[in-house]
Amino acid sequence: MSDTADRVKKIVVEHLGVEAEKVTEDASFIDDLGADSLDIVELVMAFEEEFGVEIPDDAAEKISTVSDAIKYIEENKG
Amino acid sequence: MRRVVVTGLGLVTPLGADVETVWANILASKSGAGPITKFDTTGQKCLIACEVKPADHEYGFDAGKRVDHKIQRQVDPFIVFGIDAAGQALEDAGLTDMSEEDKLMAGCSIGSGIGGLPGIESESLVLAEKGPGRVSPHFVHGRLINLISGQVSIKYGLKGPNHAVVTACSTGAHSIGDAARMIRDGDADIMLAGGAESTVCPIGIAGFAQARALNCSYNDRPEQASRPYDKDRDGFVMGEGAGVLVLEEYEHAKARGAKIYCEVIGYGLSGDAYHVTAPHPDGDGAYRSMQMALKKAGMTPADIDYINAHGTSTMADTIELGAVRRLFGDAIGNVSMSSTKSAIGHLLGGAGAVESIFCILALRDQIVPPTLNLDNPDEGCEGVDLVPHVARKREVRAVLNNSFGFGGTNASLVMRKID
(Lines give C-alpha, C1' and ligand atoms only; values in the text may rest on other atoms or scores of the structure.)
Protein backbone atom coordinates (compact mmCIF):
# COMPACT_ATOMS: atom_id res chain seq x y z
CA MET A 1 0.00 0.00 0.00
CA SER A 2 1.32 3.42 -0.91
CA ASP A 3 2.24 6.06 1.62
CA THR A 4 -0.55 8.28 0.23
CA ALA A 5 -3.14 5.56 0.73
CA ASP A 6 -2.04 5.03 4.34
CA ARG A 7 -2.28 8.72 5.13
CA VAL A 8 -5.67 9.10 3.41
CA LYS A 9 -7.07 6.15 5.35
CA LYS A 10 -5.74 7.50 8.62
CA ILE A 11 -7.54 10.82 8.02
CA VAL A 12 -10.78 9.03 7.11
CA VAL A 13 -10.64 6.90 10.27
CA GLU A 14 -9.99 9.94 12.45
CA HIS A 15 -12.67 12.16 10.89
CA LEU A 16 -15.47 9.66 10.47
CA GLY A 17 -14.77 7.58 13.56
CA VAL A 18 -14.98 4.32 11.61
CA GLU A 19 -12.96 1.15 12.09
CA ALA A 20 -9.79 1.01 9.99
CA GLU A 21 -10.80 -2.33 8.40
CA LYS A 22 -13.86 -0.71 6.87
CA VAL A 23 -11.78 1.90 5.04
CA THR A 24 -11.02 -0.20 1.96
CA GLU A 25 -10.03 1.47 -1.29
CA ASP A 26 -13.41 0.89 -2.91
CA ALA A 27 -15.39 2.06 0.13
CA SER A 28 -17.82 4.88 -0.62
CA PHE A 29 -17.68 7.71 1.89
CA ILE A 30 -21.46 8.13 1.94
CA ASP A 31 -22.75 4.60 1.29
CA ASP A 32 -20.20 2.59 3.27
CA LEU A 33 -18.64 4.93 5.82
CA GLY A 34 -21.64 6.94 7.03
CA ALA A 35 -20.44 10.34 5.83
CA ASP A 36 -22.73 13.16 4.75
CA SER A 37 -21.94 15.89 2.23
CA LEU A 38 -20.47 18.18 4.90
CA ASP A 39 -18.22 15.40 6.16
CA ILE A 40 -16.81 15.14 2.63
CA VAL A 41 -16.13 18.89 2.57
CA GLU A 42 -14.24 18.44 5.82
CA LEU A 43 -12.32 15.40 4.53
CA VAL A 44 -11.30 17.27 1.39
CA MET A 45 -10.00 20.12 3.56
CA ALA A 46 -8.02 17.65 5.62
CA PHE A 47 -6.52 16.09 2.46
CA GLU A 48 -5.55 19.55 1.21
CA GLU A 49 -3.81 20.32 4.51
CA GLU A 50 -2.07 16.95 4.73
CA PHE A 51 -0.78 16.78 1.17
CA GLY A 52 -0.45 20.47 0.29
CA VAL A 53 -2.70 20.04 -2.75
CA GLU A 54 -5.60 22.18 -3.81
CA ILE A 55 -8.79 20.27 -4.56
CA PRO A 56 -11.22 22.63 -6.34
CA ASP A 57 -14.95 22.18 -5.77
CA ASP A 58 -15.60 20.54 -9.15
CA ALA A 59 -12.89 17.95 -8.45
CA ALA A 60 -14.09 17.44 -4.88
CA GLU A 61 -17.57 16.64 -6.14
CA LYS A 62 -16.15 13.67 -8.08
CA ILE A 63 -14.46 12.17 -5.03
CA SER A 64 -16.87 9.59 -3.69
CA THR A 65 -14.66 6.66 -2.73
CA VAL A 66 -11.38 6.26 -0.86
CA SER A 67 -9.61 5.32 -4.07
CA ASP A 68 -10.98 8.44 -5.83
CA ALA A 69 -9.26 10.51 -3.16
CA ILE A 70 -5.98 8.60 -3.31
CA LYS A 71 -5.93 8.80 -7.11
CA TYR A 72 -6.59 12.54 -7.20
CA ILE A 73 -3.90 13.25 -4.60
CA GLU A 74 -1.31 10.99 -6.32
CA GLU A 75 -1.91 12.78 -9.62
CA ASN A 76 -1.90 16.31 -8.27
CA LYS A 77 0.48 16.54 -5.32
CA GLY A 78 3.62 18.54 -5.88
CA MET B 1 -55.20 21.30 34.85
CA ARG B 2 -52.37 19.14 33.53
CA ARG B 3 -49.69 18.71 36.19
CA VAL B 4 -45.96 18.39 35.50
CA VAL B 5 -43.64 16.00 37.31
CA VAL B 6 -39.96 15.12 37.07
CA THR B 7 -39.20 11.52 36.12
CA GLY B 8 -35.54 11.57 35.04
CA LEU B 9 -32.28 13.37 35.83
CA GLY B 10 -28.89 13.73 34.13
CA LEU B 11 -25.76 15.60 35.18
CA VAL B 12 -22.31 16.38 33.85
CA THR B 13 -20.41 18.59 36.32
CA PRO B 14 -16.93 19.31 37.68
CA LEU B 15 -17.75 16.88 40.54
CA GLY B 16 -18.86 13.97 38.40
CA ALA B 17 -20.65 12.81 35.29
CA ASP B 18 -23.61 10.96 36.78
CA VAL B 19 -26.25 12.10 39.26
CA GLU B 20 -25.34 9.91 42.23
CA THR B 21 -21.59 10.60 42.06
CA VAL B 22 -22.13 14.36 41.82
CA TRP B 23 -24.62 14.37 44.69
CA ALA B 24 -22.34 12.28 46.92
CA ASN B 25 -19.47 14.67 46.25
CA ILE B 26 -21.66 17.72 46.91
CA LEU B 27 -22.84 16.26 50.24
CA ALA B 28 -19.23 15.42 51.13
CA SER B 29 -18.33 19.13 50.74
CA LYS B 30 -15.91 18.50 47.87
CA SER B 31 -14.83 21.29 45.54
CA GLY B 32 -14.48 20.92 41.77
CA ALA B 33 -12.16 23.93 41.46
CA GLY B 34 -8.54 23.83 40.34
CA PRO B 35 -6.00 25.45 38.05
CA ILE B 36 -7.21 25.72 34.45
CA THR B 37 -5.83 22.79 32.43
CA LYS B 38 -7.63 23.34 29.12
CA PHE B 39 -5.34 26.06 27.80
CA ASP B 40 -2.19 28.01 28.60
CA THR B 41 -3.27 30.75 31.02
CA THR B 42 -0.17 32.91 30.56
CA GLY B 43 -1.20 36.55 30.78
CA GLN B 44 -4.71 35.82 32.14
CA LYS B 45 -5.85 37.47 35.37
CA CYS B 46 -7.90 34.43 36.33
CA LEU B 47 -6.04 31.10 36.38
CA ILE B 48 -8.68 28.85 37.93
CA ALA B 49 -11.99 27.21 37.02
CA CYS B 50 -14.23 24.28 37.88
CA GLU B 51 -13.53 22.08 34.85
CA VAL B 52 -15.30 18.86 33.97
CA LYS B 53 -12.65 16.22 34.66
CA PRO B 54 -11.16 13.96 31.96
CA ALA B 55 -12.33 10.36 31.55
CA ASP B 56 -9.40 8.85 33.48
CA HIS B 57 -10.19 10.96 36.58
CA GLU B 58 -11.92 9.37 39.60
CA TYR B 59 -15.13 11.22 38.68
CA GLY B 60 -14.32 12.21 35.10
CA PHE B 61 -16.52 12.46 32.02
CA ASP B 62 -16.26 9.91 29.20
CA ALA B 63 -17.69 11.60 26.11
CA GLY B 64 -17.60 8.31 24.22
CA LYS B 65 -20.25 6.78 26.46
CA ARG B 66 -23.22 8.49 24.80
CA VAL B 67 -21.88 10.75 22.04
CA ASP B 68 -20.85 9.51 18.63
CA HIS B 69 -17.16 10.01 17.81
CA LYS B 70 -17.94 12.06 14.71
CA ILE B 71 -20.25 14.41 16.61
CA GLN B 72 -17.65 14.88 19.34
CA ARG B 73 -15.25 16.18 16.70
CA GLN B 74 -17.77 18.49 15.06
CA VAL B 75 -19.42 20.28 17.98
CA ASP B 76 -18.44 22.39 20.96
CA PRO B 77 -18.14 20.73 24.38
CA PHE B 78 -21.36 22.30 25.69
CA ILE B 79 -23.29 20.24 23.12
CA VAL B 80 -21.42 17.06 24.06
CA PHE B 81 -22.22 17.64 27.75
CA GLY B 82 -25.86 18.35 26.90
CA ILE B 83 -26.32 15.23 24.76
CA ASP B 84 -24.83 13.07 27.51
CA ALA B 85 -26.94 14.60 30.30
CA ALA B 86 -30.08 14.22 28.17
CA GLY B 87 -29.21 10.56 27.57
CA GLN B 88 -28.73 9.99 31.30
CA ALA B 89 -32.10 11.60 32.04
CA LEU B 90 -33.92 9.46 29.45
CA GLU B 91 -32.25 6.31 30.79
CA ASP B 92 -33.19 7.28 34.35
CA ALA B 93 -36.81 7.83 33.28
CA GLY B 94 -36.91 4.53 31.40
CA LEU B 95 -37.74 6.34 28.16
CA THR B 96 -34.97 5.26 25.79
CA ASP B 97 -37.39 3.09 23.84
CA MET B 98 -40.50 5.21 23.31
CA SER B 99 -43.39 4.35 21.01
CA GLU B 100 -43.84 6.43 17.86
CA GLU B 101 -46.94 7.93 19.44
CA ASP B 102 -44.99 9.03 22.52
CA LYS B 103 -42.19 10.45 20.37
CA LEU B 104 -44.65 12.79 18.65
CA MET B 105 -45.45 14.25 22.07
CA ALA B 106 -41.86 14.33 23.37
CA GLY B 107 -39.72 17.43 22.92
CA CYS B 108 -36.58 19.26 23.99
CA SER B 109 -35.96 22.56 25.72
CA ILE B 110 -32.23 22.51 26.40
CA GLY B 111 -30.47 25.86 26.18
CA SER B 112 -27.16 27.53 26.86
CA GLY B 113 -26.19 30.98 28.01
CA ILE B 114 -23.38 31.59 25.55
CA GLY B 115 -23.05 28.57 23.27
CA GLY B 116 -19.95 27.47 21.42
CA LEU B 117 -17.48 30.13 22.46
CA PRO B 118 -14.36 27.89 22.38
CA GLY B 119 -15.15 26.89 18.79
CA ILE B 120 -15.93 30.45 17.73
CA GLU B 121 -12.59 31.51 19.17
CA SER B 122 -10.51 28.74 17.61
CA GLU B 123 -12.21 28.86 14.22
CA SER B 124 -11.79 32.65 14.09
CA LEU B 125 -8.06 32.05 14.48
CA VAL B 126 -8.16 29.51 11.62
CA LEU B 127 -9.93 32.12 9.48
CA ALA B 128 -7.33 34.77 10.32
CA GLU B 129 -4.33 32.48 9.85
CA LYS B 130 -5.37 30.20 6.98
CA GLY B 131 -8.28 31.93 5.28
CA PRO B 132 -11.98 31.17 4.75
CA GLY B 133 -11.29 27.95 2.83
CA ARG B 134 -10.07 26.27 6.02
CA VAL B 135 -13.10 27.10 8.20
CA SER B 136 -14.88 23.89 9.21
CA PRO B 137 -18.12 23.10 7.35
CA HIS B 138 -19.47 22.15 10.79
CA PHE B 139 -18.57 25.53 12.27
CA VAL B 140 -22.08 27.01 12.46
CA HIS B 141 -24.19 24.05 13.57
CA GLY B 142 -21.44 22.91 15.92
CA ARG B 143 -21.70 26.15 17.90
CA LEU B 144 -25.41 27.09 17.81
CA ILE B 145 -27.19 27.12 21.16
CA ASN B 146 -30.26 25.20 19.96
CA LEU B 147 -28.11 22.32 18.72
CA ILE B 148 -28.30 20.37 21.96
CA SER B 149 -32.05 20.21 21.47
CA GLY B 150 -31.44 19.50 17.78
CA GLN B 151 -28.89 16.72 18.32
CA VAL B 152 -30.88 15.10 21.13
CA SER B 153 -34.08 15.09 19.09
CA ILE B 154 -32.28 13.43 16.16
CA LYS B 155 -30.55 10.85 18.36
CA TYR B 156 -33.72 9.79 20.18
CA GLY B 157 -36.37 10.60 17.55
CA LEU B 158 -38.17 13.20 19.66
CA LYS B 159 -40.66 14.96 17.38
CA GLY B 160 -42.39 17.32 19.81
CA PRO B 161 -41.48 20.96 20.52
CA ASN B 162 -37.82 21.75 19.83
CA HIS B 163 -36.88 24.81 21.82
CA ALA B 164 -33.78 26.47 23.26
CA VAL B 165 -33.70 29.26 25.79
CA VAL B 166 -30.93 31.88 25.82
CA THR B 167 -31.15 33.99 28.97
CA ALA B 168 -27.54 34.04 30.17
CA CYS B 169 -27.29 32.55 33.66
CA SER B 170 -31.03 32.00 34.05
CA THR B 171 -31.18 29.77 30.94
CA GLY B 172 -31.41 26.47 32.81
CA ALA B 173 -34.27 27.61 35.03
CA HIS B 174 -36.18 29.28 32.19
CA SER B 175 -35.73 26.12 30.09
CA ILE B 176 -37.41 24.03 32.77
CA GLY B 177 -40.17 26.57 33.37
CA ASP B 178 -40.93 26.99 29.67
CA ALA B 179 -40.93 23.22 29.11
CA ALA B 180 -43.28 22.72 32.06
CA ARG B 181 -45.67 25.22 30.49
CA MET B 182 -45.52 23.35 27.16
CA ILE B 183 -46.60 20.19 28.96
CA ARG B 184 -49.27 22.02 30.94
CA ASP B 185 -50.62 23.60 27.72
CA GLY B 186 -50.76 20.23 25.98
CA ASP B 187 -47.97 20.83 23.44
CA ALA B 188 -46.11 17.80 24.78
CA ASP B 189 -46.38 14.97 27.34
CA ILE B 190 -42.63 14.61 27.82
CA MET B 191 -39.95 17.30 27.67
CA LEU B 192 -36.20 17.06 28.10
CA ALA B 193 -35.40 20.35 29.78
CA GLY B 194 -32.18 21.91 30.99
CA GLY B 195 -29.04 23.78 30.07
CA ALA B 196 -25.35 23.36 29.34
CA GLU B 197 -22.26 25.50 29.17
CA SER B 198 -18.56 25.22 28.42
CA THR B 199 -16.71 28.49 28.07
CA VAL B 200 -13.45 27.70 29.84
CA CYS B 201 -11.40 29.05 26.93
CA PRO B 202 -9.03 32.04 26.62
CA ILE B 203 -11.65 34.51 25.36
CA GLY B 204 -14.27 33.30 27.85
CA ILE B 205 -12.02 33.66 30.88
CA ALA B 206 -10.59 36.98 29.67
CA GLY B 207 -14.03 38.37 28.86
CA PHE B 208 -15.58 37.61 32.24
CA ALA B 209 -12.42 38.76 34.03
CA GLN B 210 -12.53 42.07 32.15
CA ALA B 211 -16.18 42.45 33.16
CA ARG B 212 -14.90 42.20 36.76
CA ALA B 213 -17.18 39.23 37.33
CA LEU B 214 -14.57 36.48 37.88
CA ASN B 215 -12.60 35.76 41.03
CA CYS B 216 -8.98 36.68 40.30
CA SER B 217 -7.54 36.86 43.82
CA TYR B 218 -7.56 33.19 44.86
CA ASN B 219 -5.47 31.81 42.01
CA ASP B 220 -3.21 30.04 44.55
CA ARG B 221 -6.18 28.63 46.53
CA PRO B 222 -8.72 27.55 43.91
CA GLU B 223 -10.87 25.44 46.24
CA GLN B 224 -11.48 28.48 48.45
CA ALA B 225 -12.25 30.90 45.62
CA SER B 226 -16.02 30.34 45.35
CA ARG B 227 -17.30 31.63 48.70
CA PRO B 228 -20.88 32.93 48.45
CA TYR B 229 -21.99 35.26 51.29
CA ASP B 230 -18.47 35.34 52.75
CA LYS B 231 -16.92 38.73 53.52
CA ASP B 232 -13.89 37.86 51.37
CA ARG B 233 -15.78 36.80 48.25
CA ASP B 234 -14.43 38.36 45.10
CA GLY B 235 -16.26 37.14 42.03
CA PHE B 236 -17.46 33.82 40.65
CA VAL B 237 -15.44 30.80 39.58
CA MET B 238 -16.35 29.58 36.10
CA GLY B 239 -17.80 26.09 35.96
CA GLU B 240 -18.89 23.93 33.03
CA GLY B 241 -21.20 21.01 32.40
CA ALA B 242 -24.88 20.28 31.88
CA GLY B 243 -28.08 19.38 33.69
CA VAL B 244 -31.11 17.87 31.96
CA LEU B 245 -34.42 16.75 33.48
CA VAL B 246 -37.23 14.66 32.07
CA LEU B 247 -40.46 16.54 32.69
CA GLU B 248 -43.61 14.54 32.18
CA GLU B 249 -47.34 15.05 32.40
CA TYR B 250 -48.45 13.52 35.71
CA GLU B 251 -51.10 11.11 34.37
CA HIS B 252 -48.72 9.96 31.61
CA ALA B 253 -46.02 9.22 34.18
CA LYS B 254 -48.46 7.46 36.50
CA ALA B 255 -49.92 5.33 33.71
CA ARG B 256 -46.54 3.88 32.82
CA GLY B 257 -45.55 3.38 36.47
CA ALA B 258 -42.66 5.84 36.27
CA LYS B 259 -40.53 6.81 39.25
CA ILE B 260 -41.67 10.34 40.15
CA TYR B 261 -39.18 12.63 41.87
CA CYS B 262 -41.35 15.69 42.44
CA GLU B 263 -43.81 18.12 40.91
CA VAL B 264 -42.86 21.37 39.16
CA ILE B 265 -45.53 23.56 40.68
CA GLY B 266 -44.43 27.19 40.33
CA TYR B 267 -42.53 29.26 37.79
CA GLY B 268 -41.79 32.96 38.05
CA LEU B 269 -40.04 35.33 35.63
CA SER B 270 -39.14 38.99 35.70
CA GLY B 271 -36.86 41.66 34.29
CA ASP B 272 -34.81 44.11 36.36
CA ALA B 273 -34.92 46.91 33.75
CA TYR B 274 -31.89 48.35 35.48
CA HIS B 275 -28.34 47.46 34.30
CA VAL B 276 -26.64 45.00 31.93
CA THR B 277 -24.52 43.22 34.53
CA ALA B 278 -25.50 44.52 37.98
CA PRO B 279 -28.73 43.46 39.67
CA HIS B 280 -31.14 46.08 40.95
CA PRO B 281 -29.71 47.17 44.32
CA ASP B 282 -33.04 46.50 46.06
CA GLY B 283 -33.30 43.01 44.55
CA ASP B 284 -36.59 44.09 43.05
CA GLY B 285 -36.45 41.74 40.05
CA ALA B 286 -35.45 38.76 42.19
CA TYR B 287 -38.26 39.55 44.62
CA ARG B 288 -40.93 39.66 41.92
CA SER B 289 -39.63 36.49 40.27
CA MET B 290 -39.82 34.52 43.52
CA GLN B 291 -43.17 36.08 44.39
CA MET B 292 -44.67 35.01 41.05
CA ALA B 293 -43.34 31.45 41.41
CA LEU B 294 -44.89 31.12 44.87
CA LYS B 295 -48.18 32.60 43.69
CA LYS B 296 -48.37 30.17 40.77
CA ALA B 297 -47.62 27.34 43.19
CA GLY B 298 -50.40 28.51 45.50
CA MET B 299 -47.87 28.57 48.32
CA THR B 300 -46.61 30.95 50.95
CA PRO B 301 -42.96 31.40 51.96
CA ALA B 302 -43.62 29.27 55.05
CA ASP B 303 -44.14 26.27 52.74
CA ILE B 304 -40.57 26.49 51.39
CA ASP B 305 -37.92 24.56 53.31
CA TYR B 306 -34.92 24.98 51.01
CA ILE B 307 -33.73 27.62 48.56
CA ASN B 308 -30.91 26.87 46.15
CA ALA B 309 -29.73 30.45 45.72
CA HIS B 310 -28.28 32.05 42.64
CA GLY B 311 -25.42 33.05 45.03
CA THR B 312 -22.52 33.42 42.62
CA SER B 313 -19.90 34.59 45.16
CA THR B 314 -20.20 38.21 44.04
CA MET B 315 -21.52 41.36 45.67
CA ALA B 316 -24.97 40.38 44.32
CA ASP B 317 -25.27 37.55 46.90
CA THR B 318 -26.49 39.87 49.64
CA ILE B 319 -28.91 41.61 47.25
CA GLU B 320 -30.59 38.27 46.56
CA LEU B 321 -30.59 37.48 50.28
CA GLY B 322 -32.19 40.86 50.99
CA ALA B 323 -34.97 40.08 48.51
CA VAL B 324 -35.55 36.67 50.12
CA ARG B 325 -35.65 38.30 53.55
CA ARG B 326 -38.20 40.87 52.38
CA LEU B 327 -40.42 38.27 50.71
CA PHE B 328 -40.18 35.64 53.45
CA GLY B 329 -40.61 37.91 56.47
CA ASP B 330 -40.79 35.77 59.60
CA ALA B 331 -40.67 32.58 57.52
CA ILE B 332 -36.96 33.23 56.90
CA GLY B 333 -36.32 31.57 60.26
CA ASN B 334 -37.44 28.18 58.91
CA VAL B 335 -35.82 28.12 55.49
CA SER B 336 -32.35 26.80 54.64
CA MET B 337 -30.65 28.58 51.75
CA SER B 338 -27.34 27.53 50.21
CA SER B 339 -25.27 28.08 47.10
CA THR B 340 -23.85 24.96 45.49
CA LYS B 341 -21.81 27.25 43.22
CA SER B 342 -19.40 27.15 46.14
CA ALA B 343 -18.62 23.56 45.09
CA ILE B 344 -18.99 23.37 41.30
CA GLY B 345 -18.58 27.02 40.31
CA HIS B 346 -20.98 28.91 38.10
CA LEU B 347 -22.24 26.82 35.20
CA LEU B 348 -23.81 29.93 33.60
CA GLY B 349 -26.53 28.62 31.24
CA GLY B 350 -26.31 25.20 32.88
CA ALA B 351 -26.59 26.50 36.46
CA GLY B 352 -30.37 26.68 36.82
CA ALA B 353 -30.82 23.11 35.59
CA VAL B 354 -28.00 21.58 37.63
CA GLU B 355 -29.14 23.42 40.74
CA SER B 356 -32.76 22.39 40.20
CA ILE B 357 -31.53 18.81 40.20
CA PHE B 358 -29.80 19.45 43.54
CA CYS B 359 -33.12 20.83 44.85
CA ILE B 360 -34.87 17.66 43.69
CA LEU B 361 -32.27 15.45 45.37
CA ALA B 362 -32.69 17.51 48.55
CA LEU B 363 -36.43 16.68 48.38
CA ARG B 364 -35.68 13.01 47.74
CA ASP B 365 -33.09 12.54 50.47
CA GLN B 366 -34.33 15.11 53.02
CA ILE B 367 -30.93 16.77 53.26
CA VAL B 368 -29.73 20.22 52.19
CA PRO B 369 -26.36 20.74 50.46
CA PRO B 370 -23.78 23.09 51.97
CA THR B 371 -22.33 26.49 51.10
CA LEU B 372 -18.58 25.89 51.14
CA ASN B 373 -16.01 28.45 52.33
CA LEU B 374 -18.54 30.48 54.30
CA ASP B 375 -16.07 31.36 57.05
CA ASN B 376 -17.18 34.90 57.86
CA PRO B 377 -20.73 35.69 56.74
CA ASP B 378 -21.09 39.20 55.33
CA GLU B 379 -23.30 41.85 56.87
CA GLY B 380 -26.92 41.18 56.03
CA CYS B 381 -26.63 37.41 56.53
CA GLU B 382 -27.74 37.43 60.16
CA GLY B 383 -30.49 35.03 61.19
CA VAL B 384 -30.49 33.07 57.91
CA ASP B 385 -29.43 29.42 57.72
CA LEU B 386 -26.92 29.44 54.84
CA VAL B 387 -25.82 25.84 55.57
CA PRO B 388 -22.14 26.68 56.03
CA HIS B 389 -19.49 24.05 55.23
CA VAL B 390 -21.48 20.84 55.75
CA ALA B 391 -24.72 19.33 54.46
CA ARG B 392 -27.56 18.94 56.93
CA LYS B 393 -30.46 16.52 57.33
CA ARG B 394 -33.77 18.32 57.72
CA GLU B 395 -37.36 18.18 56.58
CA VAL B 396 -37.66 19.32 52.95
CA ARG B 397 -41.25 19.53 51.66
CA ALA B 398 -40.85 22.16 48.95
CA VAL B 399 -37.92 23.93 47.34
CA LEU B 400 -37.24 27.16 45.48
CA ASN B 401 -34.52 27.60 42.89
CA ASN B 402 -33.33 31.04 41.81
CA SER B 403 -31.36 31.96 38.69
CA PHE B 404 -30.52 35.47 37.54
CA GLY B 405 -28.69 36.57 34.41
CA PHE B 406 -26.90 39.42 32.67
CA GLY B 407 -29.40 41.73 31.09
CA GLY B 408 -31.45 41.69 34.29
CA THR B 409 -33.34 38.45 33.60
CA ASN B 410 -34.69 36.44 36.54
CA ALA B 411 -36.26 33.00 36.90
CA SER B 412 -37.56 31.10 39.94
CA LEU B 413 -38.91 27.56 40.16
CA VAL B 414 -40.87 25.92 42.96
CA MET B 415 -40.94 22.14 43.24
CA ARG B 416 -42.55 19.94 45.85
CA LYS B 417 -42.76 16.35 46.93
CA ILE B 418 -45.69 14.44 45.55
CA ASP B 419 -47.75 11.87 47.47
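Please read all numbers here as calculations on a predicted model, not as lab measurements.

Take the packing of helix H3 (residues 77–93) of chain B against helix H6 (residues 147–156) of chain B next. Residues and elements named next belong to chain B. Where H3 meets H6, the closest approach of the two axes is 9 Å, and the angle between their N-to-C directions is 45°. In this view, H3 runs oblique relative to H6, as classed from their interaxial angle. Our pair here, H3 against H6, has a crossing hand that is right-handed. Counting all contacts with H3, which are made through Phe78, Ile79, Gly82, Ile83, Ala86, Gly87 and Leu90, the residues of H6 involved are Leu147, Ile148, Gln151, Val152, Lys155 and Tyr156.

Here we take up the packing of aromatic side chains. Residues and elements named next belong to chain B. Scanning all chains against the criterion turns up four aromatic pairs over all chains. Plain terms: the ring middles of Trp23 and Phe358 are 6.0 Å apart, the flat faces sit at 25° to each other, and that makes the pair stacked. A residue pair is termed long-range when its members are at least 10 positions apart, and Trp23 in helix H1 (residues 19–27) and Phe358 in helix H13 (residues 351–365) qualify at 335 residues. A relative accessible area of 2% places Trp23 in the buried class. Their ring planes at 75° and their centres at 5.3 Å tell us that Phe61 and Phe81 sit as a pair that is edge-to-face. With Phe61 in the loop between strand S3 (48–49) and helix H2 (69–74) and Phe81 in helix H3, the pair connects residues that are 20 residues apart, well separated along the chain.

This part takes up the pairing of strand S7 (residues 241–249) of chain B. Residue and element names in this part refer to chain B. Burial within S7 is extensive, with nine of its nine residues counted as buried. Residues Gly241, Gly243, Leu245, Leu247 and Glu249 point to one face of S7 and Ala242, Val244, Val246 and Glu248 to the other, with burial holding for every one of them. Two elements, strand S1 (residues 4–12) and S7, share eight bridges in a ladder whose sense is antiparallel. By the bridge assignment for S7, Val6 is matched with Leu247.

Here we come to the interface of chain B and chain A. In this assembly, 12 residues from chain B lie in contact with 15 residues from chain A. Surface buried jointly by chain B and chain A totals about 1,100 Å² across both partners, of which 46% is contributed by carbon and sulfur atoms. If you sort the residues of chain B by the area they bury against chain A, B:Lys70, B:Arg73 and B:Arg134 come out on top, with a joint share of 51%. A:Asp39 is the partner of B:Lys70 in a salt bridge, and the nearest nitrogen-oxygen pair spans 2.7 Å. With four residues, H2(B) is the single largest residue contributor to the side of chain B that touches chain A. Classifying every residue of the side of chain B that touches chain A by side-chain character gives two nonpolar, six polar and four charged.

This paragraph deals with the sheet that holds S7(B). Through backbone hydrogen bonds, the strands of a sheet pair up, either in parallel or in antiparallel fashion. All names here are of chain B. With mixed pairing, the 10 strands of this open sheet are ordered in space as S5-S4-S6-S7-S1-S8-S14-S13-S9-S10. Every interior strand has two partners, whereas the edge strands, strand S5 (162–163) and strand S10 (336–338), have only one. The pairing of strand S4 (residues 106–111) with strand S6 (residues 190–197) spans six bridges and is classified as parallel. Residue pairing across strands places Gly107 opposite Met191, the latter belonging to S6.

Residue and element names in this part refer to chain A. With numbering matched to this structure, UniProt assigns "modified residue: O-(pantetheine 4'-phosphoryl)serine" (unreviewed entry) to Ser37. Relative to the helices and strands, Ser37 is located in helix H2 (residues 37–51). Its relative accessible area of 53% is what places Ser37 among the exposed residues.

One pass over the structure, following the stated rule, counts 33 salt bridges over all chains. Each of A:Glu48, A:Glu49, B:Lys130 and B:Arg134 takes part in one network of salt bridges that share partners.

What follows concerns the nonpolar core. All names here are of chain B. If you look at the biggest cluster of nonpolar residues, it comprises 48 residues, and the most contacted ones within it are Val6, Leu9, Leu245 and Leu247. Aside from chain neighbours lying at most four places away, what touches Leu245 is Val6, Gly8, Leu9, Ala89, Ile176, Met191, Leu192, Ala193, Ala353, Ile357 and Ile360. Counting residues in hydrophobic clusters, the runner-up holds 34 residues, among them Val12, Val80, Ala242 and Val244.

All right, on to the packing of helix H1 (residues 3–16) of chain A against helix H4 (residues 66–76) of chain A then. All names here are of chain A. For the pair H1 and H4, interaxial distance at closest approach is 10 Å and the crossing angle is 130°. Taken together, the axes of H1 and H4 are oblique relative to one another. Judged by the sense of rotation from one axis to the other, the crossing of H1 with H4 is right-handed. Touching Thr4, Ala5, Val8 and Lys9 of H1 are Val66, Ala69, Ile70, Ile73 and Glu74, all from H4. Grouping the constituent residues of the contact of H1 with H4 by class yields six nonpolar, one polar and two charged.

The terminal C-alpha atoms of H1(A), which comprises 14 residues, lie 20 Å apart, in line with the 20 Å expected from a rise of 1.5 Å per residue. Within H1(A) the residues assigned to the buried category are A:Thr4, A:Ala5, A:Val8, A:Lys9, A:Ile11, A:Val12, A:His15 and A:Leu16. The buried side chains of H1(A) occupy one side of the element, clustering within an arc of 160° when seen end-on. Contact partners of the buried residues in H1(A): H2 and H4 of chain A together with H2 of chain B. Positive backbone phi, approximately 65°, marks A:Gly17, located one or two places after H1(A).

Analysis parameters
- Along each chain, residues carry numbers from 1 onward, in the same order as the chain's sequence is written.
- Written order decides the labels, with chains lettered from A and ligands numbered from 1.
- For a predicted model such as this one, the threshold for reporting local features is a pLDDT of at least 70, and the threshold for listing and counting side-chain atom pairs is 80 or more; totals across whole chains, interfaces and linings nevertheless cover every residue.
- The basis for every side-chain value is the complete set of heavy atoms in the structure, and neither hydrogens nor water enter the calculation.
- Simply put, an axis is a line fit to the C-alpha atoms, just over the touching stretch for a helix, and the angle between two N-to-C directions goes from 0 to 180 degrees.
- The numbering of helices and of strands both runs from the N terminus, where a helix is a DSSP run of H or I of at least 4 residues and a strand a run of E of at least 2.
- Any angle between 65 and 115 degrees counts as roughly perpendicular, while under 35 counts as roughly parallel, over 145 as roughly antiparallel, and the rest as oblique.
- Less than a right angle of anticlockwise turn of the near helix away from the far helix marks a crossing as left-handed, whereas a clockwise turn marks it as right-handed.
- Contact definition: two residues touch when any of their heavy atoms are within 4.5 Å.
- Only centres within 6.5 Å qualify two rings of Phe, Tyr or Trp (six-membered ring in Trp) as a pair; their planes then separate them into stacked at under 30 degrees, edge-to-face at over 60, and tilted for everything else.
- Relative accessible area decides the class of each residue, using a 1.4 Å probe on protein chains only: under 20% of the type maximum gives buried, over 50% gives exposed, and in between gives partly exposed.
- Two strands form a pair only when DSSP identifies at least two bridges running between them.
- Reported buried area values correspond to the accessible surface (1.4 Å probe) lost by two parts on association, with both partners' losses combined.
- Whenever Lys or Arg places a side-chain nitrogen within 4 Å of a carboxyl oxygen from Asp or Glu, that contact is recorded as a salt bridge.
- Charged means Asp, Glu, Lys or Arg here, nonpolar means Ala, Val, Leu, Ile, Met, Phe, Trp, Tyr, Cys or Pro, and polar covers whatever is left, Gly included.
- UniProt positions are given in the numbering used here, feature names are shortened, and annotations may be inferred rather than shown by experiment.
- We define a nonpolar core as any set of buried Ala, Val, Leu, Ile, Met, Phe, Trp, Tyr and Cys residues linked to one another through side-chain atoms lying within 4.5 Å.
- The span you would expect from a helix comes to 1.5 Å times its residue count less one.
- Note: the arc covers the axis-to-C-beta directions of the helix.

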